[in-house]
Amino acid sequence: MERREEQPGAAGAGAAPALDFTVENVEKALHQLYYDPNIENKNLAQKWLMQAQVSPQAWHFSWQLLQPDKVPEIQYFGASALHIKISRYWSDIPTDQYESLKAQLFTQITRFASGSKIVLTRLCVALASLALSMMPDAWPCAVADMVRLFQAEDSPVDGQGRCLALLELLTVLPEEFQTSRLPQYRKGLVRTSLAVECGAVFPLLEQLLQQPSSPSCVRQKVLKCFSSWVQLEVPLQDCEALIQAAFAALQDSELFDSSVEAIVNAISQPDAQRYVNTLLKLIPLVLGLQEQLRQAVQNGDMETSHGICRIAVALGENHSRALLDQVEHWQSFLALVNMIMFCTGIPGHYPVNETTSSLTLTFWYTLQDDILSFEAEKQAVYQQVYRPVYFQLVDVLLHKAQFPSDEEYGFWSSDEKEQFRIYRVDISDTLMYVYEMLGAELLSNLYDKLGRLLTSSEEPYSWQHTEALLYGFQSIAETIDVNYSDVVPGLIGLIPRISISNVQLADTVMFTIGALSEWLADHPVMINSVLPLVLHALGNPELSVSSVSTLKKICRECKYDLPPYAANIVAVSQDVLMKQIHKRLIFLPTLQLDVARTDHPCSAPQTSQCMWLMQALGFLLSALQVEEILKNLHSLISPYIQQLEKLAEEIPNPSNKLAIVHILGLLSNLFTTLDISHHEDDHEGPELRKLPVPQGPNPVVVVLQQVFQLIQKVLSKWLNDAQVVEAVCAIFEKSVKTLLDDFAPMVPQLCEMLGRMYSTIPQASALDLTRQLVHIFAHEPAHFPPIEALFLLVTSVTLTLFQQGPSDKPQKEIPRTDLPQPPTAIPALLFDDWLMGGPRDHPDIVDSFMQLLAQALKRKPDLFLCERLDVKAVFQCAVLALKFPEAPTVKASCGFFTELLPRCGEVESVGKVVQEDGRMLLIAVLEAIGGQASRSLMDCFADILFALNKHCFSLLSMWIKEALQPPGFPSARLSPEQKDTFSQQILRERVNKRRVKEMVKEFTLLCRGLHGTDYTADY
């Protein structure tokens, strides 16, 4: 078999010469791949073999590698090479060689029918690929021919071997179709042809499956073959006989798994719901498995119970609406629902004793949705039938959510505990969803059970039962508005009566209180019933997450009712924080040794809880009088300020760096939520209770002004550490976002500090903070001068960065009063030189810089009017940034241009630069569309084209024709006609941005040679 022409690009650069792809060399490379202990040699061999598989010589050596005297590994490679040549390079095979190739493959499959199974499967896949490529025109009855050929009596292979080979071929044929690279129009033709060919397959499968003399291996292969074919969306009624035979085969343990897979695949076809009569016939078959299911559960046979559950759920979940519509058969469907309920409540703890119950949860969602989708009258009838079922489901789910005994739970692995946690989350989601069906009665039901449990004196109750009922409440209250429920007051009253002797129960109590925080805000008289529990739990490290998150929710939702409790909350919180911070500093030297231990005082989870606790205190203090806030702030943060002063005197090292970052993080989280002007409440509506806005300086600003010098001192030693700089900037950035205009007194000194920071060592976090200042204060005349000076400084320093080549030396500090001259000759820089250093080493800085420029144009275009700003250099740097490989940086650069181009008319300097250098921008955009940028970024580049067309139409119409004129630009795959069509389409569309994006997507596919391929079907 010869290949007439080499496929372009088949062998990469540096591939071995074609003459090297000989049988001997392939065998040597395979031996090296399998047996050479050197991993580099293995990788080289694998790369060489991949080139060999796609070479023209593969047609020669692949057949020779299949010779009987070769070992299976070599034969397998030969079969795989044939499959690759047929599936990927079909167009290279002359039509007059189709029959010869087909005959050779049949011969090899017949020979390997009694040989290596892995080689047989690969040869069958190769023949399947050939059949799919020839169907329906060149080989109209491919499947029937396969069956007839393997049934011939003159074959040297015994009957069972031929039968198994045929079944293997028939099994891989639909599988190969599912993964084939056939064009979409061909797939439709081949699918139709295969559907017709079922008539040659299913009778054979039925005969083999029902024939008593068929050996087990044949029957198993029949079931796998059937399972493969039904995924071609074969009509369910055509599968009826085989499905019934598969149900019968469930009694055979060797055939059980294959039978389950076949039945589930057949039932789960999307089209199966059209065949209601067949579905109704299947219900008795499924119900007939109940005794086998009970026996399996009783005997601890998890595999059998799992398989039967899969079948029941597949029928119920996929076809509940169709079966609900069959009113006269409501009892049989209800029996199926009860069978699934049994699977949900299967005895044992998930995932240690059983893994079946989780399969059923989606069914209950589906059934509820289908019931609630009926019109009101019909829905009422079904509600009457199924509400009791769903109440039973709640009981079952809460039972399944119960923890095992402490002793048993102690033996569980960490993986099993995590699976159980996820399982409980799934149960929680289901309970929340079921509330839509059962409504307030569900809460009453849970409350009655919890009340009886806690008040009964007849027998002691288990903490697991109590915890599960509370977990049910928590699941619903977290997402459903329970403010009008009449049982919540009783629940709040019951919580203090719970005897908490277990961490899991205590956690759930905390989370339940947290879920009811909004209710507590409407009923503040009840806060005192639960707040002592939360404060007591704060001191327990094992309840860190639940207690802190609950306190944060209460402080956020109930802050206006907490002043009477504020002193106590602050005192307890401060005690907890100080204990943790002391541990943190004492143990810092051993952090590297204990970094993986979650129980270590410095571990990440506990640090997160410290931050949450500070946020809670910020909410709390926001509702106090200014004098009280300042008093509490002093006692709260003074120890940290003192510690920070000590750390600022020390020589920088990893230990004190972590402590500094931790303290700065505590302050920034406190200032994130401490808002005496109540900006966060503005969206809540006029009915929200607010305190009057106090006059005078904001307490946060007062504190920041007091610690400003200290922060500058810390920076003086840590300015080259991005993490510390980021932590410092976070304090001010979060304060700015929270305080908004109240932050105004800090603007001048913060601008000066940022200028010095950025001039010394540019950091992205400084640019992000500058962007926030521009966003909030640039439009105010009083703050414009310092904002403008900072903007010009960071722009000038960043432009200098664009001029730098490779360098390991830090930049020298640039004095605040002596702004560096911006670069004016960036085009003279060689792009390759620039790529090796400067901004290419700092994509985060370029990203933040582009976002800053875009924000400046959006909020205060006057910043671009300053004579000291070299708009031309900014423009050219942004063009270079479009060529970065980092997607976020490219997106930010595109965002800058979409803000800049609309300003052509109103800002003279912008209009002049666009006129002079806009062609450079267009070429960069076309290069990106032509293949230099990721396809995921095409919408961003389309936005630039749209802006150019809308605001610079006359220039674009001239530029785009000139730019597309050179042959091979932006892609060698484009014809002049395609480029001309694209330019005309773009110039015509000045209104519909979505249409421009579609044009760009089409054009980039043409540029990349992907247009019309399956690879881009969903693009």
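Bear in mind the structure is a predicted one, so any value in this text is a computation, not a measurement.

Draft legend 1. Quick peek at the overall build of the protein chain. Broken down by element type, the protein chain carries 45 helices and zero strands. Evaluated residue by residue, the protein chain yields a buried proportion of 55% over its 1019 residues. Sequence-distant contacts in the protein chain: of pairs separated by 6 or more residues, those separated by 24 or more amount to 75%.

Draft legend 2. Layout of unusual backbone geometry. Following Tyr350, the chain continues into Pro351 via a peptide bond in cis, with omega recorded as 0°. Along the chain, the position of Pro351 falls in the loop between helix H16 (330-344) and helix H17 (361-372). Its identity as a non-glycine residue notwithstanding, Glu233 has a phi of 60°, on the positive side. Look at Leu740: it is not a glycine, yet its phi comes out positive at around 55°. Mapping Leu740 onto the fold places it in the loop between helix H33 (722-739) and helix H34 (747-760). Assessed through its relative accessible area of 30%, Leu740 is described here as partly exposed.

Draft legend 3. Geometry of the confidence of the model for the protein chain. Chain-level statistics for the protein chain give a pLDDT mean of 87 and a share of 89% at 70 or above. Confidence drops under a pLDDT of 50 for residues 1-19, and excluding neighbours within four residues, the segment shows 34 contacts in the predicted structure. Below a pLDDT of 50 lies the segment residues 806-836, which in the model reaches 50 contacts outside its immediate sequence neighbourhood of four places, other chains included.

Draft legend 4. Fine view of the pattern of salt bridges. Taken as a whole and assessed by the stated rule, the structure comprises 30 salt bridges. When the shortest N-O distance is used, the salt bridge between Asp325 and Lys378 registers 3.2 Å. Here Asp325 is found in the loop between helix H15 (302-324) and H16, whereas its partner Lys378 is found in helix H18 (residues 376-400), with 53 residues between them in sequence. Exposure remark for Lys378: the relative accessible area of 23% places this residue in the partly exposed category. Note that Arg994 and Glu998 form a salt bridge whose closest N and O atoms lie 2.5 Å from each other. Highlighted residues: Arg994 and Glu998, both in helix H45 (residues 993-1008), separated by four residues, approximately one helical turn. A relative accessible area of 32% places Glu998 in the partly exposed class. In the salt-bridge network here, residues are joined through shared partners; they are Arg321, Asp325 and Lys378.

Draft legend 5. Representation of the nonpolar core. Counting residues in hydrophobic clusters, the biggest one holds 342 residues, and the most contacted among them are Trp229, Tyr386, Phe732, Phe743, Phe864 and Phe941. Setting aside chain neighbours within four positions, we find Phe864 in contact with Phe791, Leu853, Ala856, Leu857, Leu869, Val871, Phe896, Leu900, Val907, Ser909 and Val910. Listed in part, the 14 residues of the second largest apolar core include Leu30, Trp48, Leu49 and Ala52.

Draft legend 6. Spatial organisation of the packing of helix H36 (residues 784-803) against helix H39 (residues 871-881). Put simply, H36 and H39 touch, their axes get as near as 11 Å, and they point 50° apart. One element, H36, and the other, H39, form an angle in the oblique class. By crossing handedness, the relation of H36 to H39 is classed as left-handed. When H36 is examined against H39, the residues Thr795, Leu799 and Phe802 are found in contact with a partner set consisting of Ala873, Val874, Cys877 and Leu880. In terms of residue class, the contact of H36 with H39 is made up of six nonpolar, one polar and no charged.

Draft legend 7. Geometry of the side chain of Thr673. Relative to the assigned elements, Thr673 resides in helix H31 (residues 654-673). Relative accessible area serves as the criterion here: at 6%, Thr673 is assigned to the buried category. A polar contact of 2.7 Å, which involves the side chain of Thr673, links it to the backbone oxygen of Gln615.

Draft legend 8. Summary view of the environment of Leu454. The topology assignment puts Leu454 in helix H21 (residues 440-455). Of the residues examined, Leu454 reaches a relative accessible area of 10% and is grouped as buried. The spacing of Leu454 and Ile495 is 41 residues in sequence and 9.5 Å in space, taken between C-alpha atoms. Sequence-distant contacts of Leu454, defined by excluding residues within four places in its chain, comprise Tyr461, Thr466, Leu494, Arg497 and Ile498.

Draft legend 9. Molecular detail of helix H13 (residues 276-287). Relative to the 16 Å expected for twelve residues at 1.5 Å per residue, H13 spans 17 Å between its end C-alpha atoms, a close match to the ideal helical length. Within H13 the residues assigned to the buried category are Val276, Thr278, Leu279, Leu280, Leu282, Ile283, Val286 and Leu287. On the buried face of H13, the contacting elements are helix H11 (240-249), helix H12 (256-267), helix H14 (290-298), H15 and H16.

Draft legend 10. Summary view of the packing of aromatic side chains. Under the counting rule described, the total for this entry stands at 25 aromatic pairs. Relative to Trp139, the ring of Phe106 lies with its centre 6.2 Å away and its plane at 80°, an arrangement referred to as edge-to-face. With Phe106 in helix H5 (residues 98-112) and Trp139 in the loop between helix H6 (117-134) and helix H7 (142-150), this residue pair connects regions lying 33 residues apart in the sequence. We note that Phe106, like Trp139, is buried. With a centroid separation of 4.3 Å and 20° between ring planes, the pair formed by Tyr350 and Tyr423 is classed as stacked. Here the residue Tyr350 occupies a position in the loop between H16 and H17, and Tyr423 occupies one in helix H20 (residues 414-438), the gap between them amounting to 73 residues. Grouping residues by exposure puts Tyr350 and Tyr423 together as buried.

Draft legend 11. Looking closely at the packing of H20 against helix H22 (residues 463-477). Two elements in contact, H20 and H22, have axes separated by 8 Å at closest approach and are oriented at 60°. In terms of orientation, H20 lies oblique with respect to H22. For the element pair H20 and H22, the recorded crossing hand is right-handed. Contact residues: H20 offers Arg424, Val425, Ser428, Leu431, Met432 and Tyr435, while H22 offers Glu467, Tyr471, Gly472, Ser475 and Ile476. When the residues that make up the contact of H20 with H22 are grouped by side-chain class, the tally is six nonpolar, three polar and two charged.

Draft legend 12. Spotlight on the state of the cysteines. With the rule as written, the count across this model stands at zero disulfides. Cys904 carries a free sulfur, and the closest cysteine sulfur to it, the one in Cys952, is 3.7 Å from it. Given the relative accessible area of 16%, Cys904 is considered buried.

Draft legend 13. The arrangement of H16 in detail. In this model, H16 (15 residues) spans 21 Å end to end at C-alpha, consistent with the 21 Å of a helix rising 1.5 Å per residue. Phe333, Leu334, Leu336, Val337, Met339, Ile340, Met341, Cys343 and Thr344 are the residues of H16 that are buried. Tucked into the core, H16 has its buried residues touching H13, H14, H15, H17 and H18.

Draft legend 14. View of the side chain of Ser971. For Ser971, the location among the structural elements is in the loop between helix H43 (953-963) and helix H44 (976-988). A distance of 2.6 Å separates a polar side-chain atom of Ser971 from the backbone oxygen of Cys1007. Once residues lying within four places of it in the same chain are set aside, the contact partners of Ser971 are Gly930 and Cys1007.

What counts, and at which threshold
Think of each chain on its own: its residues are numbered from 1, step by step along the sequence as written. Given that this is a predicted model, residues contribute local features only at a pLDDT of at least 70 and side-chain atom pairs are listed and counted only at 80 or more, while totals for whole chains, interfaces and linings are drawn from all residues. Computation of side-chain values covers all heavy atoms of the structure but excludes hydrogens and water. The secondary structure listing takes helices from DSSP runs of H or I that are at least 4 residues long and strands from runs of E that are at least 2 residues long, numbered from the N terminus. Buried residues are those whose accessible area, probed at 1.4 Å on protein chains only, stays under 20% of the maximum for their type, while exposed residues exceed 50% and partly exposed ones sit between those limits. Residues count as neighbours in contact if any of their non-hydrogen atoms are within 4.5 Å of one another. Per-residue confidence from the predictor is reported as pLDDT, which spans 0 to 100. Note on definitions: salt bridges are taken to be side-chain nitrogens of Lys or Arg within 4 Å of carboxyl oxygens of Asp or Glu. Throughout this description, the term nonpolar core refers to a set of buried Ala, Val, Leu, Ile, Met, Phe, Trp, Tyr and Cys residues connected via side-chain atoms within 4.5 Å. In this analysis, axes come from line fits to C-alpha atoms, helices being fitted only over the stretch in contact, and the angle between any two N-to-C directions falls in the range 0 to 180 degrees. We call two directions roughly parallel when the angle between them is under 35 degrees, roughly antiparallel when it is over 145, roughly perpendicular when it lies between 65 and 115, and oblique otherwise. Should the near helix be turned anticlockwise from the far one by less than a right angle, the crossing is left-handed, and should it be turned clockwise, the crossing is right-handed. Following the grouping adopted for this structure description, the nonpolar residues are Ala, Val, Leu, Ile, Met, Phe, Trp, Tyr, Cys and Pro, the charged ones are Asp, Glu, Lys and Arg, and the polar ones are all others, Gly among them. N or O atoms closer than or at 3.5 Å make up a polar contact, with two conditions inside protein: a donor-capable atom paired with an acceptor-capable one, and, for residues adjacent in sequence, both atoms drawn from side chains. Multiplying 1.5 Å by the residue count of a helix minus one yields the expected span of that helix. Each Phe, Tyr or Trp ring, with Trp reduced to its six-membered ring, pairs with another whose centre is within 6.5 Å; inter-plane angles below 30 degrees give stacked pairs, above 60 give edge-to-face pairs, and intermediate values give tilted ones. The disulfide criterion is simple: two cysteine sulfur atoms within 2.5 Å.

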